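Structure at a glance
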Amino acid sequence: MTKPVYFDYAAATPTDKRVIDTMVSCMSIEGHFANPHAKDHVYGWEAAESVETAREQVATLIGASPLEITFTSGATESNNLAIFGLAKGLAKKGDTRRHIITSKIEHKAILEACELLEDDGYKVTYLTPTKEGIITPAMVEDAIDDDTFLVSIAQANSVLGAISDVHAIASVCKKHNVFFHTDTAQSIGYLKMDYDHSDIDMVSLTAEKVCGPKGVGALYVRKAANVPLFAQIYGGGQEKGLRGGTVPTHEVAGLGKAFEILKTEAKTDKARFEKLRQKILDGIKDVPGLIVNGSKEHNLPNILSISFDGVDGHMLLPTLSNIAASTGSACSSSDLKPSYILKAIGLSDDEARASLRLSFGRFTKDEDVDVLINEITTKVPKLVAAGSMWNVR
């Protein structure tokens, strides 16, 4: 059976063989397999060395100190640690502020954490983005009040690829004595980092979108900011007391290797992604009903969100059978709900349902793009025609 071409890198990426080799070297008896917290023998020392090497690799990529890196199970846990950990940490110190600012288009790991805090009496402001999917510094400043203690805005949106200037937003927050957190799951390596020369206080990191392993991530916490985080997982005081549990040496080593590769190859990858994105846009520009979502100028090079006016959203992906991509909607067994992100930028329910997120990466080939263009240009016009006939009836 011939598989469809893969255009869902924003959901998960294939792991780079160089990363796999690094991980395997930390799994066998010949490698650094041991518990990195075992202090009584050479096996533990070797594993600990692999973990600290990875910490250095992460710090080097983002422009920070290794002491500012805490390993987690992924961006979701990092997001939860930043939000819940700060809320509890401040409360323990007697800080009475209870207001958080985020946006309507954040990842569910942010939105659901904020909703839970609302149940405990916190107030949350959910900013509406521009029609391009961007949160501006002015929006954030207008929403800050004396009760605000945290702002959390992603650097790039996972559906649209739209980029917000989080460094500028962080500077606004610092002016008002408010902590700032950003999720960089989609943007890591491709946009400005250099966190030691930024006002950003906390950053959620993961490698699963950049050809690294799943199930591992990190939280950068700026030391100079004195962020009073309170641990959310207990069981041994690992990671400077911020995250209990045995650090998985092979996963962390894989994260470090993925970031080391990004450090040397991200610039070349980004240039190639920009060419692929433009090739796709040029190839499908005449498809009837095409809507390109997001920003033309401030967008990740490897995420493209498109909708097709007049297409039955239920039929889109089944018809495009040679493409492995995702819709902008949340699917369940009985319903196809329009994406809350696409709705937030002004799309109708039908436009949001009839959408595709095309995301690509390191192993995407020109031939894959040719298949994608052919699939969309030959099949979507038929769906539009079928929809028009149905509307006439």
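Going by the structure above, here's the rest.
Residues numbered from 1 in each chain as written. Predicted model: local features only at pLDDT ≥ 70, side-chain atom pairs only at ≥ 80, totals over all residues. Heavy atoms only, no water.

1. Quick look at the overall build of the protein chain
Along the protein chain, the regular secondary structure elements total 11 helices and 14 strands. The C-alpha atoms of the protein chain give 22 Å as radius of gyration, which agrees with the globular expectation for 393 residues (21 Å, within 12%). The dimensions of the protein chain, computed from C-alpha atoms along their principal axes, are 75 × 55 × 40 Å. Residues classed as buried in the protein chain amount to 55% of the 393 residues present. By element, 53% of the accessible surface of the protein chain is carried by carbon and sulfur atoms, the whole surface being about 17,300 Å². One finds the centroid of the 42 positive side-chain charges in the protein chain at a distance of 1 Å from the centroid of its 51 negative side-chain charges. (Helix = DSSP H or I, 4+ residues; strand = E, 2+ residues; numbered from the N terminus. Rg over C-alpha atoms; globule rule 2.2 N^0.38 Å. Buried < 20%, exposed > 50% of the residue type's maximum accessible area, 1.4 Å probe, protein only. Areas by Shrake-Rupley, 256 points an atom, 1.4 Å probe, with all protein chains shown as cover. Lys, Arg positive; Asp, Glu negative; His and termini not counted. Charge placed at Lys NZ, Arg CZ, Asp CG, Glu CD.)

2. Structural notes on the side chain of Arg-222
Inspection of the secondary structure assignment puts Arg-222 in the loop between β8 (217–221) and α7 (249–284). The class for Arg-222 is buried, based on a relative accessible area of 13%. Within the structure, the side chain of Arg-222 is placed 3.2 Å from the backbone oxygen of Ile-200, a separation counted as a polar contact. Discounting residues that sit within four places of it in the chain, Arg-222 has contacts with Glu-68, Tyr-195, Ser-198, Asp-199, Ile-200, Asp-201 and Val-227. (Polar contact = N/O pair within 3.5 Å; in protein donor to acceptor, adjacent residues only side chain to side chain. Contact = heavy atoms within 4.5 Å.)

3. Side note on the sheet that holds strand β4 (residues 123–127)
Two modes of strand pairing occur in sheets, parallel and antiparallel, and in both the strands are linked by backbone hydrogen bonds. Pairing within the open sheet is mixed, and its 7 strands lie in the order β2-β8-β7-β6-β5-β3-β4. Only two strands of the sheet have a single neighbouring strand rather than two, namely β2 (69–72) and β4. Taken pair by pair, the neighbouring strands of this sheet meet at an average axis angle of 20°, ignoring direction. (Pairing = 2+ DSSP bridges. Axes fitted to C-alpha atoms, helices over the stretch in contact; angles between N-to-C directions.)

4. A few points about the packing of helix α1 (residues 17–24) against α7
Orientation of α1 relative to α7, taken along the N-to-C sense of each, is 150°, at an axis distance of 8 Å. With respect to each other, α1 and α7 are oriented roughly antiparallel. Considering the relative orientation of α1 and α7, their crossing is right-handed. Contacts from Arg-18, Val-19, Thr-22 and Met-23 in α1 reach His-250, Glu-251, Ala-253, Gly-254, Lys-257, Ala-258, Ile-261 and Glu-265 in α7. When grouped by side-chain class, the residues that make up the contact of α1 with α7 number 5 nonpolar, 3 polar and 4 charged. (Parallel < 35°, antiparallel > 145°, perpendicular 65-115°, else oblique. Left-handed = near helix turned anticlockwise from the far one by under 90°. Nonpolar A, V, L, I, M, F, W, Y, C, P; charged D, E, K, R; others polar.)

5. A few points about the sheet that holds strand β10 (residues 303–308)
Strand order in the open sheet made by the 3 strands is β9-β10-β14, with antiparallel pairing throughout. Looking at which strands have only one partner, the edges of the open sheet turn out to be β9 (290–293) and β14 (355–359). Ignoring strand direction, the axes of neighbouring strands in this sheet form an average angle of 25°. As paired strands, β9 and β10 are joined by 4 bridges and run antiparallel to one another. Its bridge partner lying in β10, Val-292 is registered against Ile-306.

6. Some words on unusual backbone geometry
Residue Asn-177 is not a glycine yet carries a positive backbone phi of 60°. Counting through the fold element by element, Asn-177 comes out in the loop between α6 (166–175) and β6 (179–183). We classify Asn-177 as exposed; its relative accessible area is 58%. Here the phi dihedral of Cys-211 falls at roughly 65°; this positive angle occurs in a residue that is not glycine. Position of Cys-211 among the secondary structure elements: in the loop between β7 (202–206) and β8. By relative accessible area, which is 3% here, Cys-211 ends up buried.

Fair warning: the whole summary comes from geometry, so function is off the table for now.
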